[in-house]
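Structural characterization, general
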Amino acid sequence: LRVRIDGRTAPEAAAAAVAEQDATVRVVGGTQTLGNWDPKRSPQLTRASVEGGVSIWEGALDDGAVSPGTEFKYCVLVMSKHQYHWENAQAHRMPSPTDAVALHDFNGAAPSSAPAHSAPARDDWASLKSDAERELSAEGALDCWIPWKHGDSGGGGAAPRSIFHAFHWPFGEVRKHLKDLRERGFDAVQISPAQ
C-alpha cells in the first residue's frame, strides 16, 4: 500500500506527517487485522520520502491477512498529542495480491472501484422498507434519498462506521448537505431529537 499526503489537499494531516517525530500513517478498517477502526491497533506504514509539504508512506500486509475488497481508510496518528487526522474521502478497497501497487492520495477523489450509489426513481419510492418512510414519501416530506449502504455487503446492512453529528442543525440544513456528507465518506447522520 502507498499513500501520498499533500499539504494542498490535507494541510493538517500533511503538517503532522512531516513535522511530528512520532507521526505514523495507519491503515484502518473494520477487521481485526486492520484494528477494527482503531488506529492505535492498526498496521502502520513507513515514511518513504518527504519533499516540501508532501510525504509518501508505504508498507505491506501479510498475504491473505485482509480479504480483497475490504474497506479501509488512512489515518495520520500522532501518539504524543493523541491527534488523529482521518481521510475525508470515501473508503479505499483492499487490492488483491495480483493488483499493481497504486498510489492513493490522502483526501483524494474516491477510488474508481468504489461502488456507484444511485437513487431509486421517485416512482420506485413505494418500495421503501419502513412504514415511516412510505408515510413520509406519501406526504411529500421525503424528497431526498441517500443510500448509506456500502459495497456488496448484502443483507440488512452493517452498522454505520462513520457518523456525522449534526446536533442542533435545522433539518433543512441537514437535508441540503446530505449528498456532500455521503461523498466525504460518512455512513450516517445523527441529528438532535425533534422538539
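Scroll up for the structure.
Residues numbered from 1 in each chain as written. Predicted model: local features only at pLDDT ≥ 70, side-chain atom pairs only at ≥ 80, totals over all residues. Heavy atoms only, no water.

1. Examining the overall build of the protein chain
Test applied: Runs of E in the DSSP output that reach at least two residues are strands. Runs of H or I that reach at least four are helices, and both are numbered from the N terminus. Burial classes follow relative accessibility: with a 1.4 Å probe on protein chains only, a residue under 20% of its type's maximum area counts as buried, one over 50% as exposed, and anything between as partly exposed. Contacts: residue pairs with any heavy atoms within 4.5 Å of one another. Every accessible area reported is derived by Shrake-Rupley at a probe size of 1.4 Å, with residue values counting cover from the shown protein chains alone.
What the protein chain contains, in helices and strands, is three helices and ten strands. Starting at the N terminus, the α and β elements of the protein chain follow one another as β-α-β-β-β-β-β-β-β-α-β-α-β. For the protein chain, buried positions account for 33% of its 195 residues. When contacts within the protein chain are restricted to residue pairs at least 6 apart in sequence, long-range pairs at least 24 apart make up 61% of them. Within the structure as shown, the protein chain displays about 11700 Å² of accessible surface, and the carbon and sulfur contribution to it stands at 51%.

2. Considerations on unusual backbone geometry
Its identity is not glycine, yet Asn36 carries a phi of approximately 50 degrees, on the positive side. Relative to the helices and strands, Asn36 resides in the loop between β2 (23–29) and β3 (44–51). A residue is classified by how much of its surface remains accessible, and Asn36, at 38% relative accessible area, is partly exposed.

3. Here's the deal with the pairing of strand β5 (residues 71–78)
For clarity, the cut-off: By the convention used here, strands pair only if DSSP detects at least 2 bridges between them.
Counting buried positions along β5 gives eight out of eight residues, so the element sits mostly inside the fold. Along β5, one buried face is formed by Glu71, Lys73, Cys75 and Leu77 and the opposite face, lined by Phe72, Tyr74, Val76 and Val78, is buried too. Both β2 and β5 contribute to a ladder of seven bridges, which runs antiparallel. Counterpart to Arg26 in the pairing with β5 is Cys75.

4. Topic: the pattern of salt bridges
To be explicit about the condition: Salt bridges are identified by distance alone: a Lys or Arg side-chain nitrogen within 4 Å of an Asp or Glu carboxyl oxygen.
If you walk through the whole model with that rule in mind, you get six salt bridges. One salt bridge connects Asp105 with Arg4, and the closest N-O pair in it is separated by 2.6 Å. With Asp105 in strand β8 (residues 103–105) and Arg4 in strand β1 (residues 2–6), the pair connects residues that are 101 residues apart, well separated along the chain. Residue classification places Asp105 among the partly exposed positions, given a relative accessible area of 33%. Here Arg4 falls in the partly exposed class, since its relative accessible area comes to 27%.

5. Considerations on helix α1 (residues 11–19)
Going by this rule: It is the directions from the helix axis to the C-beta atoms that the arc portrays.
Of all the positions in α1, only Ala13, Ala14, Ala16 and Ala17 are classed as buried. The buried residues of α1 occupy an angular sector of 165 degrees when projected down its axis, which confines them to one face. In α1, the exposed positions that point more than 90 degrees away from the buried face belong to Pro11, Glu12 and Ala19. For α1, the elements touching its buried residues are β1, β2, β3, β4 (54–58), β5 and β6 (83–86).

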